[in-house]
Amino acid sequence: MEIEYSFDKRPTADQIIELYDNSGLPRPTHDMERIQKMFDNSNLIVTAWDKDLLVGVSRSLTDWVWACYLSDLAVRHDYKKEGIGRQLINLTKEKVGDQSMVLLLSVPTAMEYYPKVGFKRQESSFIIDRKEWRQIP
């Protein structure tokens, strides 16, 4: 299996939704317009492909010199434990450079994963939750 990583190859909303649903990442996949806006308004996206199949994605927002918020990290279920998530994170970090930190909010099911790939747990974060989260029907 040869995985191709790309900063330029953009997946369609359908491909993203299928990946998120397959990977178990809780996102509003029933709302294609919202998913498309999420990607249209992100300025650092790294994708992983097995030929024409989207197998992973890292979606971030960054200013390139101070902070990079890693919004989504998803890897197709059958491709987990192959180092794809780690490589997507490494490519994200490489692209933003040494002056920028990479930070994220983890879904509960990934809390044990992130320390294994170089993140350290922080106790100094705060959040104002979104008012609208339409659950998947």
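Remember, it's a predicted structure, so these values are computed and weren't measured experimentally.

1. Some words on the nonpolar core
- The biggest cluster of nonpolar side chains holds 35 residues, and the ones touching the most others in it are Y20, I84, Y114 and F119.
- Sorting the residues of this core by element identifies α1 (13–23), α2 (32–40), β2 (44–50), β3 (53–62), β4 (67–75) and α3 (84–96) as the ones contributing at least two each.
- Leaving out residues up to four positions away in the same chain, Y114 has contacts with L73, I89, L104, S106 and F119.

2. A short note on α2
- When we look at burial in α2, the residues that qualify are I35, M38 and F39. Down the axis of α2, the sector holding all buried residues measures 90°, keeping them to one side. Away from the buried face of α2 by more than 90 degrees, exposed residues E33 and D40 are located.
- As for α2, its buried residues are in contact with α1, β2, β3 and β4.

3. Quick notes on α1
- Every buried residue of α1 is listed here: A13, I16, I17, L19, Y20 and S23. The buried residues of α1 occupy one face: seen down the axis, they fall within an arc of 165°.
- Against α2, β3 and β4 lie the buried residues of α1.
- Positive phi shows up at G24, right after α1, with a value of about 85°.

4. Quick notes on the pairing of β4
- Burial analysis of β4 places eight of its nine residues in the buried class, which makes it a mostly covered element.
- With seven bridges connecting them, β3 and β4 associate as antiparallel partners. Across the sheet, residue S58 finds its bridge partner in β4, namely L73.
- If you look at the hairpin formed by β3 and β4, you'll find four residues sitting between the two strands, and W64 has a positive phi there, around 75°.
- Judged from the three bridges that link them, β4 and strand β5 (residues 101–103) form a sheet pairing that is parallel. Bridge pairing links Y69 to L103 in β5.
- Running through α3, the crossover from β4 to the neighbouring parallel element β5 is right-handed.

The rules behind these values
Residues numbered from 1 in each chain as written. Predicted model: local features only at pLDDT ≥ 70, side-chain atom pairs only at ≥ 80, totals over all residues. Heavy atoms only, no water. Core = buried A, V, L, I, M, F, W, Y, C linked by side-chain atoms within 4.5 Å. Buried < 20%, exposed > 50% of the residue type's maximum accessible area, 1.4 Å probe, protein only. Helix = DSSP H or I, 4+ residues; strand = E, 2+ residues; numbered from the N terminus. Contact = heavy atoms within 4.5 Å. Arc of directions from axis to C-beta. Pairing = 2+ DSSP bridges. Right-handed = clockwise from strand over helix to strand, strands pointing away.

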